[in-house]
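# Residue-level structure breakdown
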Amino acid sequence: MNEQARRRPPKPYRRPKKDPVRILAFEALRAVDERDAYANLVLPPLLKKARENDDFDGRDAALATELVYGTLRRQGTYDAIIATCIDRPLREVDPPVLDVLALGAHQLLGTRIPTHAAVSASVELARVVLGDGRAKFVNAVLRKIAQDDLDAWLERVAPPYDEDAEDHLAVVHSHPRWVVSALWDSLGGGRAGIEDLLEADNERPEVTLVARPGRSTAAELLGAVGEESGLPGRWSPYAVRLAEGGEPGAIEAVREGRAGVQDEGSQLVAIALANAPLDGPDERWLDGCAGPGGKAALLAALAAGRGASLLASEKQPHRARLVERALAGNPGPYQVIAADGTRPPWRHGSFDRVLVDVPCSGLGALRRRPEARWRRRPEDLEGFAPLQRALLREALTAVRIGGVVGYATCSPHLAETRVVVEDVLKGRGGPPAEAEWVDARPLMPGVPALGDGPDVQLWPHLHGTDAMYLALLRRTA
């Protein structure tokens, strides 16, 4: 070192700049990782608090939302890229450091944020939440990532499709390999269909409203949001789709409970059960897995229009309270109880229509809960299987002879859909059920690509809905 360099004073310490948008995004990711929280539950209160503190405007909230959801959706892809840029196994990197790296990777590869801004903002975030030492590591890794765009990185980190199709799709479309395999089995067909489905899982879903019959109409909701902010539903007569950035809470009918937020696939399930052909009385309906209450609220409104009553049953008391809130103000008779649908308090043959939207893996809602794809494991399905079969068996005893049961899941996995129904009908694991299939397809008029029936599987890429499944069964004895 020469004399001049030796005399040069050291650079003064510069405090890191606090970026409230990226700090909030980091906090949300940490909550998802540390507490097994869901982003759609964690993010709204964080955004609300930031607005109350005057830290955020609308654009800040939109950027924070994109950073959180975009990073979670593309986590698998970004992990594969980050792994090639570090000198240790990914599992040896502290999770908070990985979150900062993934946030930076998303800004570099998944947004239009300029490269220099994405790197510098991520390094500043690292200085604030990790310290200067690890910020240098973040800087080095992100500068490597910034050398290529996403397509070039995918060429490097994804195996060729012809050598390992499932692993290729898993890396390119950021899904665990077992999920790719399960979705492909359920969907059938070739490469184009599964790629379209996986891409749809990585898109931001629309916010869809439901106008509860007898209490609101789609026309009222469209009038409230305006032509520029709302579109009619694709398939449900009660649905209205909000434009990006639309705020459901600003709509009077939603605030009053006369309308709600509900995916169009869920609406179609409830409508199909309500419209299934029935001989004899149509007076008592049951929602046997009612929490958190969206389908129950729609069923209660439809039942009220026919002079029928709804019993909404939910095992978990706190979820039963959510159901009560959703049904509050319904004009027709209804009752909400906390009860276990596998050991129900009602008598056999008590109901004319029964819905059981059973607990499941949630693989049909990966657009809305992207972190679920990383949280679920194949063995989770084994845990759900006995419960799903027990709930369907009890539903078939709860309905009268000639009555109709709807078995629904927010999963397209065959082990949670048709296999469950066939096992119950054929008596695998119990006595065979005295029931027959009802073709659900005519009960979703205008909806294309419903398959060979008699059950129905909806798809994000084909129908713009969650991947809801519905089987309708009529009790015969």
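Cut-offs used in this document
- Residues numbered from 1 in each chain as written.
- Predicted model: local features only at pLDDT ≥ 70, side-chain atom pairs only at ≥ 80, totals over all residues.
- Heavy atoms only, no water.
- Helix = DSSP H or I, 4+ residues; strand = E, 2+ residues; numbered from the N terminus.
- Contact = heavy atoms within 4.5 Å.
- Axes fitted to C-alpha atoms, helices over the stretch in contact; angles between N-to-C directions.
- Left-handed = near helix turned anticlockwise from the far one by under 90°.
- Nonpolar A, V, L, I, M, F, W, Y, C, P; charged D, E, K, R; others polar.
- Core = buried A, V, L, I, M, F, W, Y, C linked by side-chain atoms within 4.5 Å.
- Buried < 20%, exposed > 50% of the residue type's maximum accessible area, 1.4 Å probe, protein only.
- Phe/Tyr/Trp six-rings, centres within 6.5 Å; stacked < 30°, edge-to-face > 60°.
- Lys NZ or Arg CZ within 6 Å of the ring centre and 35° of its normal.
- Pairing = 2+ DSSP bridges.
- Right-handed = clockwise from strand over helix to strand, strands pointing away.

Position of Thr71 relative to the elements: it lies in helix H4 (residues 58-73). When sequence neighbours within four positions are dropped, the list of residues in contact with Thr71 reads Leu29, Glu66, Tyr78, Ala102, Leu103 and His106.

Right, let's get into the packing of helix H15 (residues 264-275) against helix H16 (residues 294-304). The geometry of a pair of packed helices is captured by two quantities: the angle between their axes and the separation between those axes. Between H15 and H16, the least distance of the axes is 9 Å, while the angle of their chain directions is 35°. The interaxial crossing formed by H15 with H16 has right-handed handedness. On the side of H15, the interface is formed by Ser266, Gln267, Val269, Ala270, Ile271, Leu273 and Ala274, while H16 contributes Lys295, Leu298, Leu299 and Leu302. In terms of residue class, the contact of H15 with H16 is built from eight nonpolar, two polar and one charged.

Bringing the nonpolar core into the picture now. Burial of nonpolar side chains together is a common tendency in soluble globular proteins. Residues Phe56, Val68, Val138 and Ile145 are the most contacted members of the largest nonpolar core, which totals 54 residues. Considering each element in turn, this core owes the most residues, nine residues, to helix H2 (residues 20-35). Those residues in contact with Val68 that lie beyond four places of it in its chain are Ala25, Ala28, Leu29, Ala39 and Leu43. Listed in part, the 44 residues of the second largest apolar core include Leu273, Leu298, Ala440 and Leu458.

Scanning all chains against the criterion turns up two aromatic pairs. Measuring from centroid to centroid gives 6.0 Å for Trp346 and Phe351, while their planes differ by 85°, and the two rings are edge-to-face. Take Phe351: its relative accessible area is 1%, and that puts it in the buried class. Look at Tyr407 and Tyr469: their rings are 6.4 Å apart centre to centre, the planes differ by 75°, and that puts the pair in the edge-to-face class. In this pair, Tyr407 is assigned in strand E9 (residues 399-409) and Tyr469 in strand E12 (residues 469-475), connecting sequence segments 62 residues apart. Exposure class is identical for Tyr407 and Tyr469. Each is buried. Over the ring of Tyr161 we find Arg191, and its NZ or CZ is 3.8 Å from the ring centre. Here the basic side chain of Arg375 rests over the ring of Tyr38, its NZ or CZ set 4.9 Å away from the ring centre.

So, on to the pairing of strand E5 (residues 284-287). Two elements, E5 and strand E6 (residues 309-314), share four bridges in a ladder whose sense is parallel. Looking at the pairing, Trp285 lines up with Leu310 of E6. Handedness of the crossover joining E5 and E6 through H16 is recorded here as right-handed.

Just geometry here; none of it tells us what the structure is for.
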